[in-house]
Amino acid sequence: MEAPEDEFTKYRSPLVSRYASKEMSYNFSDRKKFTTWRKLWIFLAKAEKALGLPITDAQVAEMESRVEDVDFAMAAEQERKLRHDVMAHVHTFAYCCPTAAPIIHLGATSCYVGDNTQLMAYCLRIFLWLSLNQLARVMDRLANFAEKYADLPTLGFTHYQPAQLTTVGKRACLWLQDLTMDMRNLRRARDDLRFRGVKGTTGTQASFLQLFQGDHAKVEELDRMVTEMAGFKKAYLVTGQTYSRKVDIDTLSVLASLGATVHKICTDIRLLANLKELEEPFEKEQIGSSAMPYKRNPMRAERCCSLSRHLMTLLSDPLQTASVQWLERTLDDSANRRISLAEAFLTADIVLSTLQNITEGLVVYPKVIERHIRHELPFMATENIIMAMVKAGGNRQDCHEKIRVLSQQAAAVVKQDGGDNDLLDRVKADSYFSPILDQLDALLDPKTFTGRAPQQVTRFLSEEVYPLLEPFRSKMDVTIELEL
């Protein structure tokens, strides 16, 4: 039986159909793209008119009145016939704007709308959806978490082996440290971004110089006016037919770096979930496994890791594209960029919104953490015990040998017999250590093993994190509920 022809018989990118926000999906939609093209044609016509070209108010008004009236069927038919997307939309816009038809796209090349639209999308995405909103909210939630658990001791791990104690809050600050770097990188990328502007076929502005009869000042003013209308302070002074594709490298490298940060954070959460010390949110009716009903799989963190890997790999596309652009331009960038640029922003949007959801519902299990500390702390406390014995008049070398023997006996119980660490019981049972038995509880207080971790949390948050978040305080009240 033949499948019915509907939306479920065609491939749909999961980035759009399952994960991405409506706002981000719209930003890369055909409607957003082609209405932006029309706005750019209006900017160009207005500036050309203001500088003396014979363009009427009626023509501009007609174009402005039909910006949203895009006949997608006509445009698709035109593109099938012309094999040129920009000219297909020039003809489609001209059809509904017959008075303005003669001046639409006047003096411009395809990259006037194509490249400038991409740059306008970049600026909006980096500034509004990454820097201002999602990343700031993730950092805010983690900062609150770090402050709450600044003093809670926990095992540190190096090589994923138990190491010196840290605190739960200090570990969160390690995540925040990377996110502060991402925030600064995003702001730098936003601030460095310029408009392609009005440059013509090979970037020489020759067509516009001809339109203005050799008046260089008017051509420069045209470029400045259109750049300002598009919301940019600066345009690139020199371009080929396109803006340099290294701009794409700079932009996607920031997003890929963010992907690496999110992957590290969510990997840590997954490892801690295995230890049952920390868990991501788990909903009342959520199912962890179809076969094992008791499981609470960290599926949100796993999703972040999966998509972050995709985000990181997307950087190879603009690297390859920039390296093979011939002379003033070659078209083998186009199809690749249609996929890689949109997917990078869509993926960044998803991993940040999912990470925000995770950080808004992180659950800590102090009793489990305490049990793990008790299991390892006796070994870590041996140096403190030796120092206390020396202060009580003992010999450092004799004490070291005593501790070494007892530690190996306790380790054998743990590793070979599967028992608990009984080193402290062995110390208490040995009369050699009687001078310090009344000090053992104080020597084994976990908070004495965390060094300056709590103080580092306080200083880091106050000096580096909170100042970065201050401009975004009005954006912090948005919470994330995952649909899938």
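Residues numbered from 1 in each chain as written. Predicted model: local features only at pLDDT ≥ 70, side-chain atom pairs only at ≥ 80, totals over all residues. Heavy atoms only, no water.

The name given to the protein in an unreviewed UniProt entry is Adenylosuccinate lyase, with Scleropages formosus as the source organism. Comment text from UniProt for the protein, heading Subunit (unreviewed entry), reads "Homotetramer. Residues from neighboring subunits contribute catalytic and substrate-binding residues to each active site." The heading Sequence similarities (unreviewed entry) in the UniProt record of the protein holds the text "Belongs to the lyase 1 family. Adenylosuccinate lyase subfamily." (UniProt positions renumbered as here; feature names shortened; annotations may be inferred.)

J.: Before we go on, may I ask you to explain the nonpolar core in this structure?
T.: Nonpolar side chains tend toward joint burial in soluble globular proteins. The biggest cluster of nonpolar side chains holds 69 residues, and the ones touching the most others in it are Leu176 and Leu461. Look past the residues within four positions of Leu461 in its chain and what remains in contact with it is Ala143, Ala146, Glu147, Cys173, Leu176, Tyr466 and Pro467. (Core = buried A, V, L, I, M, F, W, Y, C linked by side-chain atoms within 4.5 Å. Buried < 20%, exposed > 50% of the residue type's maximum accessible area, 1.4 Å probe, protein only. Contact = heavy atoms within 4.5 Å.)

J.: Just checking my understanding: could you explain the pairing of strand E1 (residues 153-158) for this structure?
T.: Side-chain positions along a regular strand alternate between the two faces of the sheet. Strand direction decides the pairing type here: E1 and strand E2 (residues 161-167), joined by five bridges, are antiparallel. Across the sheet, Thr154 pairs through a bridge with Thr166, a residue of E2. Connecting the antiparallel pair E1 and E2 is a turn made up of two residues, with His159 showing a positive phi of about 60 degrees. (Pairing = 2+ DSSP bridges. Helix = DSSP H or I, 4+ residues; strand = E, 2+ residues; numbered from the N terminus.)

J.: Before we go on, may I ask you to explain the environment of Lys391 in this structure?
T.: Of note, Lys391 is situated in helix H16 (residues 382-391). Separated by 44 residues in sequence, Lys391 and Pro435 place their C-alpha atoms 9.9 Å apart.

J.: Would you mind showing me how to read the environment of Glu64 here?
T.: With respect to the secondary-structure elements, Glu64 resides in helix H4 (residues 57-65). Apart from the residues lying within four places of it in its own chain, the contact partners of Glu64 are Ile42 and Lys46.

J.: Looking at this model, I keep getting lost on the packing of aromatic side chains. Mind explaining?
T.: Note on aromatic pairs: each is described by the distance of the centres and the angle between the planes. With the rule as written, the count across this model stands at nine aromatic pairs. Centroid distance Phe34 to Trp37: 4.9 Å. Interplanar angle 80 degrees. Geometry classified as edge-to-face. Taken together, the residues span about one helical turn, with Phe34 and Trp37 both in helix H3 (residues 30-50) at a distance of three residues. By the ring-pair criterion, three or more aromatic residues cluster together here, those being Phe34, Trp37, Trp41, Phe72 and Phe93. A cation over a ring is seen here: Arg245 above Tyr243, with NZ or CZ 4.7 Å from the ring centre. (Phe/Tyr/Trp six-rings, centres within 6.5 Å; stacked < 30°, edge-to-face > 60°. Lys NZ or Arg CZ within 6 Å of the ring centre and 35° of its normal.)

J.: Looking at this model, I keep getting lost on the packing of H3 against helix H10 (residues 216-229). Mind explaining?
T.: Any two packed helices are characterised by how steeply their axes cross, that is the angle between the axes, and by the distance between the axes. Contact pair H3 / H10: the axes reach a minimum separation of 9 Å and the direction vectors enclose 140 degrees. With respect to H10, the axis of H3 lies oblique. With respect to the hand of their crossing, H3 and H10 are arranged in right-handed fashion. Judged by residue contacts, Phe43, Leu44, Lys46, Ala47, Glu48 and Ala50 of H3 engage Leu222, Met225, Val226 and Met229 from H10. Residue composition of the contact of H3 with H10, by class: eight nonpolar, no polar and two charged. (Axes fitted to C-alpha atoms, helices over the stretch in contact; angles between N-to-C directions. Parallel < 35°, antiparallel > 145°, perpendicular 65-115°, else oblique. Left-handed = near helix turned anticlockwise from the far one by under 90°. Nonpolar A, V, L, I, M, F, W, Y, C, P; charged D, E, K, R; others polar.)

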